[in-house]
Amino acid sequence: MPHAPEKRSNAPIFWLLFGAGGTLSALFGVGLILVTGFLAPQGIGIGPDALSYENALAFTQNWLGKAAIWAVISLFFWHAAERLYLTLKDMHVFSDLGRRLLTYGVAAVVTVATAGLLLAIGF
Amino acid sequence: MSERRPYVRPMPRDWWARWPFRHYTVRELSGVTIAIYAAVLLSGLVALLQGPAAWDAWRGWLASPASLVLHGALLIAMLWHVRTWFQILPKTMPKLILGGTPVPQRTITLIGTSVAVICSSALVAFVLWRPF
Amino acid sequence: MTERADKTIELRVLRYNPVTDEKPHHQSFTVPYTSDMSVLQGLQWIKDTIDGSLTYRWSCRMAICGSCGMMINAEPKLACHTLLRDLAPGPVTVEPLNHFPIERDLVVTVDDFVKKIESVTPWLIPKHPKPVSEGPYNQTPAQMAAYENFSACINCMLCYAACPQYGENPKFIGPAAMAILQRYDGDSRDGGSALRIDAVHGEDGVWGCTAVGACSDVCPKAVDPMHAVNQNKMNTALDYFLRFLKKRDTK
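Fair warning: this is a prediction, and the values are worked out from it, not measured in the lab.

About the thresholds
Residues numbered from 1 in each chain as written. Chains lettered and ligands numbered in written order. Predicted model: local features only at pLDDT ≥ 70, side-chain atom pairs only at ≥ 80, totals over all residues. Heavy atoms only, no water. Contact = heavy atoms within 4.5 Å. Buried area = accessible area lost by both parts, 1.4 Å probe. Salt bridge = Lys/Arg side-chain N within 4 Å of Asp/Glu carboxyl O. Polar contact = N/O pair within 3.5 Å; in protein donor to acceptor, adjacent residues only side chain to side chain. Helix = DSSP H or I, 4+ residues; strand = E, 2+ residues; numbered from the N terminus. Nonpolar A, V, L, I, M, F, W, Y, C, P; charged D, E, K, R; others polar. Axes fitted to C-alpha atoms, helices over the stretch in contact; angles between N-to-C directions. Parallel < 35°, antiparallel > 145°, perpendicular 65-115°, else oblique. Buried < 20%, exposed > 50% of the residue type's maximum accessible area, 1.4 Å probe, protein only. Expected span 1.5 Å × (residues − 1). Patch = residues over 30% accessible without salt bridge, like charges linked within 9 Å, V, L, I, M, F, W, Y side chains within 5 Å. Areas by Shrake-Rupley, 256 points an atom, 1.4 Å probe, with all protein chains shown as cover. Pairing = 2+ DSSP bridges.

Caption draft 1: Structural detail: the interface of chain C and chain B. Across the boundary between the two partners, chain C contributes 44 residues, which contact 25 residues of chain B. Between chain C and chain B the total buried area reaches about 2700 Å² when both faces are included, carbon and sulfur atoms providing 54% of it. Along the contact surface separating chain C from chain B lie two salt bridges. For the salt bridge of Arg-4 of chain B with Glu-103 of chain C, the shortest nitrogen-to-oxygen distance reads 2.5 Å. Across the chain C-chain B interface, the total number found is 18 residue pairs in polar contact (both at pLDDT 80 or more). Every element with two or more residues in the side of chain C that touches chain B is listed here: strand 6 (102-104), helix 3 (141-145), helix 5 (164-168), helix 8 (214-218) and helix 9 (225-242) of chain C. Of the residues assigned to the side of chain C that touches chain B, the class counts are 23 nonpolar, twelve polar and nine charged.

Given below as C-alpha cells:
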C-alpha cells in the first residue's frame, strides 16, 4: 500500500466524552439552567423550600441524584475541555502540554473531585 | 528557461478571528461556557458538603442579581450551543437512508432540535409539577 | 453573441514569476465584459490581449474538470463557474488557491494533494472477489445512495483552500481525500475499510479536523466532505475501542 501506517491517535477517548457532554447539554442544558439559575433560586413556580438544605441533601444522597449530578458536571467539563483545547490550538496559546493540562487535565480533576464530593456527602 | 521555486504563503495566525471563521470560533467558545455552568453546580456541591450555613450562602448568591446576569449569559450561550450542535449533527452521524434516499440534513437538524426542546421542557415540567 | 462588451471590471490578479520575483504581487487589469462572461473568460481576455505570460490552469469551462480553482475575492471558487456580472462593480481579487505553494501566477503545486488521494486506497476492494463469469456485483439504489454524493468529487481542491486546519498543518489528510475514502468505504461492494481506517486514525488523519465546515460550504459539487471526515471520526473511535475484540494482524 502506498501509505505509511500512521500512529493511532488517542483523540477518540476525548472526542467521545466531548460528544456525550455535547449531547447531554444540548438536550437538557437549557432546562437545567432555567431550573437552577432562575426558577428554583427565584421561587418561580416552585415552593421556597425547593432549594432547602434538607431537600438538596436528600436529592444528592439518592443514588440516582448522585449519578445525574456526576454525569452533568463531569461530561459538561469534558465537552468544554475538547472545545477549549482545539480553540487554544487554533489561537496558538500555550504549548501542547500546557493546553492539555488546562483542558483535559482540569476535566479529569473535576471528574474525580465530583465523585469524591458525592461519596463524602454519603447515602 | 524555467525554474521551480514554489512560493509558500504564510498562514495568518489570527485566521480564527477573521471572516468566515469567526462563526466557528464563537460556536466553539459557546461550548466552553457549558463548563462555567458546571462549575456553578460544582460549587453548590462543595457548599452542600460544608453544611447548612455554606449551603444557604450559596443559595443566597444564586438568587443575587450577579447570578441572574451570569445565568442569563449562560442561557444565551447554551441556546447557541443547542442550535449549532444540531446543525452539525447530520454531518457527524452516519448517513441516514430511508426508502432508498438519504434523509435531508435539514430534517435531521429539525428532529434533533425538537427532541432537545422536548427534553428541556420535560425537565422543567417535571420540576414544576413534582410535589416538594 | 450580439451583446457588446461595453462594461468594464477591474481584476486584481496575484502574479508570481519564480525566475524574476522575490515574492508575489498584485497586478490590476481593466477587463471589458458581457453578462455571460466568467472570471475564467476574463483571465483569457487578459492573456489574449494584454499579457500572454499570465499563467493559470483550465480545461473544460463547465465546472466538471476541476482545474480552474482559485481564490476569487478571498473565496475558493471555480473561475469558470463564477460570473463577472455577479462581482460588479469590482474590483475583483483573483489569487491562487490558499494553503498551496504557488508555482507561477495562479498555478499551485498539486503534488501533496495527489499523494493524499493515493494514500486512502481510492479503489474498490471487493468484499467477495468473484470471476467475471459469475456476473456483476449488484447494488440496490439505497446502497448506492450511501456513497453517491462522495463520488461526485472533481478534485478541484477548493475544500483544501477553505480548510484552516490544512493551512495550519499541511500533513492533515484534508477534506477531499476523506470524501474519496468514504466513497469506497460506504460502498456495499467494498471490503477495504480496515485498510483505510489505518491510514487515517492518527493526529494528521481524521483527528486533524475540528469541524469548521468550510470545506462543505465551498464544494461546487455538494460532495459534503465534512460529513465524510466526521463520519470517520466515529468509525475510527469505534475501531479504537473495539480493535482488541477483532482478530487482526497487528504489525
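Caption draft 2: Highlighting the packing of helix 3 (residues 65-92) of chain B against helix 9 of chain C. Where helix 3 of chain B contacts helix 9 of chain C, the two axes come as close as 7 Å, and the packing angle between them is 75°. The angle between the axes of helix 3 of chain B and helix 9 of chain C places the two elements in the roughly perpendicular class. Here Ile-88, Pro-90, Lys-91 and Thr-92 of chain B of helix 3 of chain B lie close against helix 9 of chain C, whose contacting residues are Met-226, His-227, Asn-230 and Gln-231 of chain C. Considering only residue class, the contact of helix 3 of chain B with helix 9 of chain C consists of three nonpolar, four polar and one charged.

Caption draft 3: Representation of the pattern of salt bridges within the structure. Under the counting rule described, the total for this entry stands at 18 salt bridges over all chains. The shortest N-O distance in the salt bridge between Asp-56 of chain B and Arg-59 of chain B comes to 4.0 Å. With Asp-56 of chain B and Arg-59 of chain B both in helix 2 (residues 52-62) and three residues apart, this pair spans about one turn of that helix. In this structure Asp-56 of chain B comes out as partly exposed when scored by relative accessible area, which is 42%. The structure contains a network of salt bridges with shared partners spanning Arg-83 of chain A together with Arg-27 and Glu-28 of chain B.

Caption draft 4: Structural detail: helix 1 (residues 22-50) of chain B. Relative to the 42 Å expected for 29 residues at 1.5 Å per residue, helix 1 of chain B spans 43 Å between its end C-alpha atoms, a close match to the ideal helical length. Gly-51 of chain B occupies a position one or two residues after helix 1 of chain B and carries a positive phi of about 120°.

Caption draft 5: Structural view of a nonpolar patch on the surface. A cluster of nonpolar side chains, contributed by Ile-13 and Leu-16 of chain A together with Leu-238, Phe-241, Leu-242 and Leu-245 of chain C, occupies part of the molecular surface with about 530 Å² of accessible area. Looking at the nonpolar patch, the elements with two or more residues in it are helix 1 (11-42) of chain A together with helix 9 of chain C. Here the nonpolar patch gets three residues from one element, more than from any other, and that element is helix 9 of chain C. On the secondary structure map, Phe-241 of chain C appears in helix 9.

Caption draft 6: Main features of the sheet that holds strand 1 (residues 7-15) of chain C. Residue and element names in this part refer to chain C. Spatially, 2-1-5-3-4 is the arrangement adopted by the five strands of the open sheet, whose pairing is mixed. The sheet terminates laterally at strand 2 (25-33) and strand 4 (75-78), the two strands that pair on one side only. Neighbour to neighbour, the strand axes of the sheet diverge by 35° on average, direction disregarded. In this fold helix 1 (residues 39-49) packs onto strand 1, strand 2, strand 3 (69-72) and strand 5 (92-95), with an angle of close to 100° to the strand it touches most, strand 2.

Caption draft 7: Spotlight on the packing of helix 3 (residues 63-91) of chain A against helix 3 of chain B. Packing of helix 3 of chain A against helix 3 of chain B brings their axes to within 15 Å, and their N-to-C directions diverge by 70°. Here helix 3 of chain A lies roughly perpendicular to helix 3 of chain B, going by the angle between them. Between helix 3 of chain A and helix 3 of chain B, the residues in contact are Phe-76, His-79 and Arg-83 of chain A and Met-78, His-81 and Trp-85 of chain B, respectively. For the contact of helix 3 of chain A with helix 3 of chain B, the per-class residue count stands at three nonpolar, two polar and one charged.

Caption draft 8: Spatial organisation of the interface of chain B and chain A. Contact residues are listed per partner, giving 47 residues for chain B and 52 residues for chain A. For the pair chain B and chain A, the summed buried surface comes to about 4700 Å²; carbon and sulfur atoms form 77% of the total. Its largest share of buried area at the contact with chain A, chain B owes to Leu-45, Leu-48 and Trp-85 of chain B, together 13% of the area lost on that side. In this assembly, chain B and chain A are joined by one salt bridge.

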